[in-house]
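Architecture and fold: a report
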Amino acid sequence: MAEEKIDFKSIEKKWQKAWEQNKIFEVKEDAKKKKFYVLEMFPYPSAAGLHIGHSFNYTIGDVFARFKLMQGFNVLHPMGFDSLGLPAENAAIKEKMHPEEYTDNSIKNFIKQQKTLGLTYDWDRVVNTADPEYYKWDQWIFLKMFERGLVYEKEAAVNWCPKCDTILANEQVENGRCWRHKDAEVEIKQMKQWFIKITDYADRLLEGHKKLKWPEKTIAMQKNWIGKSFGTEIDFIIDGKKWPIFTTRPDTIFGVTFMVVSSQHKKLWDLVTKKQKPEVEKFLKKLKSVSEKELAEMEKEGVFTGSYAINPATQEKVPVYAGNFVVADYGSGMVMAVPSHDQRDLEFAKKYKIPIKQVIAPVVETKEGPDAIRENLPIKKRKTVVCIVKHWKEEKYICLTWKKQGWKTFVVGGVEDNEDIVKAGIREIKEETGYQNPVFIKEIDGEFHNKFFATHKNENRWAVIKGLYFELKDSKQKEISEEEKELSELVWVEKNKVLSFLHDDESDKILWKRLNDIDEAYTDSGLLINSEQFNGINNEEAKQKITEWLMKKNLARKTINYKLRDWSVARQRYWGTPIPLIHCSKCGVVPVPEKDLPVKLPREVKFGEGNPLLTNKKWLETKCPKCKGKATREANTMDTFVNSSWYFLRYCDAKNNKEIFDKSKVKYWMPVDLYIGGAEHACMHLIYCRFYTMFLHDIGLVDFDEPAPRLFHQGMINDAKGEKMSKSKGNVIEPLETMAKYGVDTTRFFIMSEASPDKGFNWSDTGIQGSLRIINKIWNTASNMKFGKDSQELLVKLNFSIKNITEQIENLDYRKSTIELRELFDLISKQSEISKESFGKALKLLSPFCPHITEELWEKIGMNKNNKNFISLAEWPKYEEIKQKQGKEDLNDKILSNTLPIIQKISESQKIKKIYLYVMPFEIKNIDRKKIEKALGYSTEVFAVNDPNKKDPEGRAKKAIPGKPGVYVE
RNA sequence: GCGAGGGUAGCGAAGUGGUCAAACGCGACAGACUCAAAAUCUGUUGGCCUCGUGCCUUCAAAGGUUCGAAUCCUUUCCCUCGCACCA
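Residues numbered from 1 in each chain as written. Chains lettered and ligands numbered in written order. Predicted model: local features only at pLDDT ≥ 70, side-chain atom pairs only at ≥ 80, totals over all residues. Heavy atoms only, no water.

1. Observations concerning the overall build of chain A
Counting its regular elements, chain A contains 31 helices and 40 strands. Within the span of chain A, comprising 970 residues, buried residues form 54% of the whole. Across chain A, contacts joining residues at least 24 apart in sequence account for 75% of those joining residues at least 6 apart. When the accessible surface of chain A is split by element, carbon and sulfur atoms take 49% of a total near 46500 Å². (Helix = DSSP H or I, 4+ residues; strand = E, 2+ residues; numbered from the N terminus. Buried < 20%, exposed > 50% of the residue type's maximum accessible area, 1.4 Å probe, protein only. Contact = heavy atoms within 4.5 Å. Areas by Shrake-Rupley, 256 points an atom, 1.4 Å probe, with all protein chains shown as cover.)

Written as structure tokens, this is what we have:
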């Protein structure tokens, strides 16, 4: 066989040029054709050029776009550049260039590199956010929001990144650090700032999730970020003034023993008494010196303000503390603290020796087994003691194993009416253990309930448990009664094994933890105690009832709170969209009139002296659009996420210089049918762009409110050792180098075959050589193939491959497609001849993955002459529904050839000839009784092994087990 | 702590009740070609042997359901990713 080396480079160039010249990827709206919009998140262009993540991202989209193109869709597959933003500005400063030049150069370089990848982009629609023709519309949308009251300015604690030299949105702070500078700790600054009221859309952002075919994780992250919680706002009176307090646990109101106000609360000083002022000041000073990061890791701390709040439920006075763990702008910035049922409150209470009051008693209800509560029987309440008994010398405790029930508990028993619980405890210890000298040490805090069916007494029991702690004085022990012996067995358990011994007895476990000072607030459900008229009610029910009770007294309201904050959009930097507002000393804040848009960035500014825009006086000074008097421009620019919040709409009509876009064009192309990008944007871009779309829907510009119903996250590509690629580690794989060495198609095939695209993978040099192997094989097969007839085997395989690959690409299961392609071409390589048609189909299946070499081979086998019939535009093969035997031996043949085990054979001299076939249930449908009867001359009966629907004559099926079908001949 | 996803042969990774000792790739081994190597091709790659439509042991661990479990249930262990003082 002749072998030919593939000249990837010239093949790539040849076809990329042909595609471009014939404009086969440039699209227009066409009402007759179904559209498909494939979009990859656009890059921010850096001088470094493409990295492997880009090529992974783009290839995933490109395979899909090519697939849809071949399926006859009108495919929109655009590309653009998110070129405004801090990184570009910083990089430009570093290179001593103007950001504009830096960006232009980067974009040129990017496009050049992207073009070598053979992607199906419509280069006629490129969007560049740094182009005033683009950001003009950022400003336009901003003004629309401003008109509708969605933009406002307020003094607030904002996140300041010292490395970015600007403030950040909440979304851009990760763990107290800047999302771009993992080494920069974000500072909290009080500043007057511009916000967009994204919180108005919180509910719709949540609601919209139902329409999205997005990774569940991403939706979960967004839900978590928006953080909707239902609760009650309860008015506490402090100093005669009403303070509304948000809580999700109104059921615990009787357990409130103190209040904590955020140390950053605006009205903090209203609460601080003269006497406490120095203390509070000291505390705040201490907090000031720590960054947000440290704050997050700090212990809960606080200081008494001197004020007391009146609990509206009990009229009790409780102290108000200022604390570092309360968020100022969530709820009302103050919390009611219930130390017995909230972990943070408990820690705080312990630290400052504040009383702890239990208001919810855990209830353990047996729901399964013989001890489960019987619904139809009444329930009998009974006081019960649980006694923890310590060894007279060692660190060991008495536990019991209940013989019938399998329970593992401490000593437990009922308390008679009017009986003292300590006496009852001592009695039970003596009865159940025989030890004669238990010494009562103390009662354990808390009340617990157990509900179960007492089989020995035949009644439902409701045990109200008190815990007592005893120590044995000595080892004196009497024989216990036979009756007790049968019930339970005594076990001495070492201190550190008690918890695991008790495995599923919640109340005993809690008692044990309390005894050993393991601080754990009880946050689960239970019954109310110490709560006056609400005692005995289940706490979930009590949430409702207590809220209603307080509402009647006009002391509470049902409310909803969100974690989502308004979007802080202003940046004190140059390279962003200027905020189109003007400050006039007479008229206040005045929007720039629409006709004056865009407000262009001035070219002449000085960098490195705070906000560069403030250095261009000529630009700053302007006239007030209202009174024509002297005024100044707003010098803040917009967050770069503004630019990317609607770019996908601009692609639909990228060159429109009259309006933001032609509505009808957007109507045709949108929404994005498949959006591909990294998961790191889950709570940033992917929330903002949904919000923007909803807003544009509300002002009547678009008729949908979700921009991208289907989203896909590509995974990370790491180096061969599984480590993140980074320049400093020197383990970066340059996609362009790899493509130059192995060919674009080989690289595409490799990165699509290495793992499921959403999982990412570790780079492997031997892996890409493997891909080269199969590409070479395909090439050589094509070069040497004799065209003629197809074998049956090949037709079957090809048909299945069409079915599988079509489904797999649709599901972005590219890895499986590459496997299917390997199998298919492997089989083709073994054929002595094949029809041109079949080979062409196989090439088409390969084409989305390896567009260049398939185009070349397509031409080679004479399917494309003079670039009239590109494979890229050829029709995707169709699966033909045909009956398949799949080459496996028919079960019927097996029976006839007697290869099934014969279970039992009865003399054939008997008159009735009948065979019983025992087969696996799933095989029943494959049995052809007539065929068998005809061939053997027996009548037949078919049984599935252990088929519950058929009576087995003599239980013979059992003999057919294990697992094999059998034939029974009678 | 909470949320999501995982643990399968030397490695990567399919497989969610029966045709599973488990696709596919990488690696390894053997053979062919070659003076030799690379490339390529062919075969083997859980263990055992009487080499078979054979037996045994496997899909994190332990139990369970089932005629039958990598797949379903329970418990435990481990890993990865996200969120993390939201009252």
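2. A few points about the packing of helix H23 (residues 744–753) against helix H24 (residues 765–784)
Where H23 meets H24, the closest approach of the two axes is 9 Å, and the angle between their N-to-C directions is 120 degrees. Comparing the axis directions of H23 and H24 gives the class oblique. Here the hand of the crossing between H23 and H24 comes out right-handed. Residue-level contacts link Thr746, Thr747, Phe749, Phe750 and Ser753 of H23 to Gly767, Ile768, Ser771, Leu772, Ile774 and Ile775 of H24. A per-class count over the contact of H23 with H24 returns six nonpolar, five polar and no charged. (Axes fitted to C-alpha atoms, helices over the stretch in contact; angles between N-to-C directions. Parallel < 35°, antiparallel > 145°, perpendicular 65-115°, else oblique. Left-handed = near helix turned anticlockwise from the far one by under 90°. Nonpolar A, V, L, I, M, F, W, Y, C, P; charged D, E, K, R; others polar.)

3. Describing the sheet that holds strand E5 (residues 151–161)
Here we have four strands laid out as an open sheet, ordered E6-E5-E9-E26, and antiparallel in their pairing. A single partner strand is all that each edge strand has here, and the edge strands are strand E6 (166–168) and strand E26 (567–568). Examined bridge by bridge, E5 and strand E9 (residues 187–196) share ten bridges and lie antiparallel to one another. Across the sheet, the residue bridging to alanine 157 is glutamine 190, located in E9. (Pairing = 2+ DSSP bridges.)

4. Quick word on the packing of aromatic side chains
Enumeration according to the criterion identifies 50 aromatic pairs in this entry. Ring plane angle 85 degrees and centroid distance 6.1 Å describe the contact between phenylalanine 81 and phenylalanine 110, whose orientation is recorded as edge-to-face. With phenylalanine 81 in strand E3 (residues 80–81) and phenylalanine 110 in helix H4 (residues 99–115), the pair connects residues that are 29 residues apart, well separated along the chain. Residue class for phenylalanine 81 comes out buried when judged on its relative accessible area of 0%. Linked through ring pairs, Phe258, Phe304, Tyr308, Tyr321, Phe325, Phe348 and Tyr352 together constitute an aromatic cluster. It is arginine 633 that lies over the ring of tryptophan 619; its NZ or CZ is 5.6 Å from the centre. (Phe/Tyr/Trp six-rings, centres within 6.5 Å; stacked < 30°, edge-to-face > 60°. Lys NZ or Arg CZ within 6 Å of the ring centre and 35° of its normal.)

5. Describing the confidence of the model for chain A
Averaged over chain A, the pLDDT score is 86; the fraction of residues at 70 or greater is 88%. Across residues 946–965, where pLDDT falls below 50, the model places 34 contacts with residues more than four positions away in sequence or in other chains. Of the two predicted TM-score estimates for the complex, the pTM is 0.86 and the ipTM is 0.94. (pLDDT = per-residue confidence, 0-100.)

6. Some words on the side chain of glutamine 714
Relative to the elements of secondary structure, glutamine 714 occurs in the loop between strand E34 (711–712) and strand E35 (717–718). A relative accessible area of 16% places glutamine 714 in the buried class. A polar contact is formed between the side chain of glutamine 714 and the side chain of asparagine 57, at a distance of 3.4 Å. (Polar contact = N/O pair within 3.5 Å; in protein donor to acceptor, adjacent residues only side chain to side chain.)

7. Quick look at a positive patch on the surface
Taken together, the side chains of Lys154, Lys241, Lys266 and Lys267 make up a positively charged region of the molecular surface. Within the fold, lysine 241 resides in strand E11 (residues 241–247). (Patch = residues over 30% accessible without salt bridge, like charges linked within 9 Å, V, L, I, M, F, W, Y side chains within 5 Å. Salt bridge = Lys/Arg side-chain N within 4 Å of Asp/Glu carboxyl O. Lys, Arg positive; Asp, Glu negative; His and termini not counted. Charge placed at Lys NZ, Arg CZ, Asp CG, Glu CD.)

8. Here's the deal with the sheet that holds strand E33 (residues 674–676)
Across the sheet, which stays open at both edges, the four strands sit in the order E2-E1-E33-E34 with parallel pairing between neighbours. The open sheet has two free edges, formed respectively by strand E2 (74–76) and E34, since each of these has just one partner strand.

9. Quick word on the environment of glutamate 26
Within the element layout of this structure, glutamate 26 appears in the loop between helix H1 (8–21) and strand E1 (35–40). The spatial distance from the C-alpha of glutamate 26 to the C-alpha of alanine 361 is 69 Å, given a sequence separation of 335 residues. Residues within four places of glutamate 26 in sequence aside, it is in contact with Asp122 and Asp124.

10. Some details on the pairing of strand E12 (residues 258–262)
With five of its five residues buried, E12 lies for the most part within the structure. Burial of the side chains of E12 extends over both faces: Phe258, Val260 and Ser262 are buried on one face and Met259 and Val261 on the other. Across four bridges, the pairing between E12 and strand E15 (residues 334–337) is antiparallel. Bridging from a neighbouring strand, valine 261 pairs with methionine 334 of E15. Examined bridge by bridge, E12 and strand E14 (residues 317–323) share four bridges and lie parallel to one another. Bridge pairing in E14 links serine 262 to glycine 323.

11. What to know about the nonpolar core
Core analysis: the biggest nonpolar cluster contains 101 residues, and Tyr37, Trp567 and Leu649 have the highest contact counts within it. With nine residues, the single largest contributor to this core is helix H21 (residues 685–698). Setting aside residues up to four positions removed in sequence, tryptophan 567 forms contacts with Ala169, Trp194, Phe195, Ile196, Ile198, Asp639, Phe641, Val642, Ser645, Tyr688, Phe691 and Tyr692. (Core = buried A, V, L, I, M, F, W, Y, C linked by side-chain atoms within 4.5 Å.)

12. What to know about the pattern of salt bridges
One pass over the structure, following the stated rule, counts 51 salt bridges. When the shortest N-O distance is used, the salt bridge between glutamate 419 and arginine 427 registers 2.9 Å. Owing to a relative accessible area of 23%, arginine 427 belongs among the partly exposed residues under this scheme.

13. Here's the deal with the packing of H23 against helix H28 (residues 851–860)
Put simply, H23 and H28 touch, their axes get as near as 7 Å, and they point 125 degrees apart. By the angle between their directions, the pair H23 and H28 is classed as oblique. Residue-level contacts link Val744, Asp745 and Arg748 of H23 to Pro851, His852 and Ile853 of H28. A per-class count over the contact of H23 with H28 returns three nonpolar, one polar and two charged.

14. Some thoughts on empty space enclosed by the protein
Enumeration according to the criterion identifies three cavities of 30 Å³ or more in this entry. By volume, the largest cavity is sized at about 130 Å³. Forming the walls of the largest cavity are 18 residues, and the residues nearest its centre are Gly85, Leu86, Arg571, Asp639 and Thr640. Within the lining of the largest cavity, the residues separate by chemical class into seven nonpolar, six polar and five charged. (1 Å grid on protein atoms, 1.4 Å probe; cavity = no way out; pocket = protein on both sides within 12 Å on 5 of 7 lines; lining within 4 Å. Points joined across faces, edges and corners; volume = space filled by probe spheres on them.)

15. Things to note about unusual backbone geometry
For the bond running from leucine 597 to proline 598, omega is -5 degrees, close enough to zero to count as cis. Looking at the element boundaries, proline 598 is found in the loop between strand E29 (588–591) and helix H17 (617–620). The amide bond that connects methionine 670 to the next residue, proline 671, takes the cis arrangement and shows omega of -5 degrees. Its place among the elements puts proline 671 in the loop between helix H20 (663–669) and E33. Positioned with a positive phi, glutamate 532 is a non-glycine residue whose angle comes to about 50 degrees. Tracing the backbone shows glutamate 532 in the loop between strand E24 (526–528) and helix H16 (539–552). Although it is not a glycine, leucine 812 sits at a positive phi angle of roughly 60 degrees. Counting through the fold element by element, leucine 812 comes out in the loop between helix H25 (792–810) and helix H26 (814–829).

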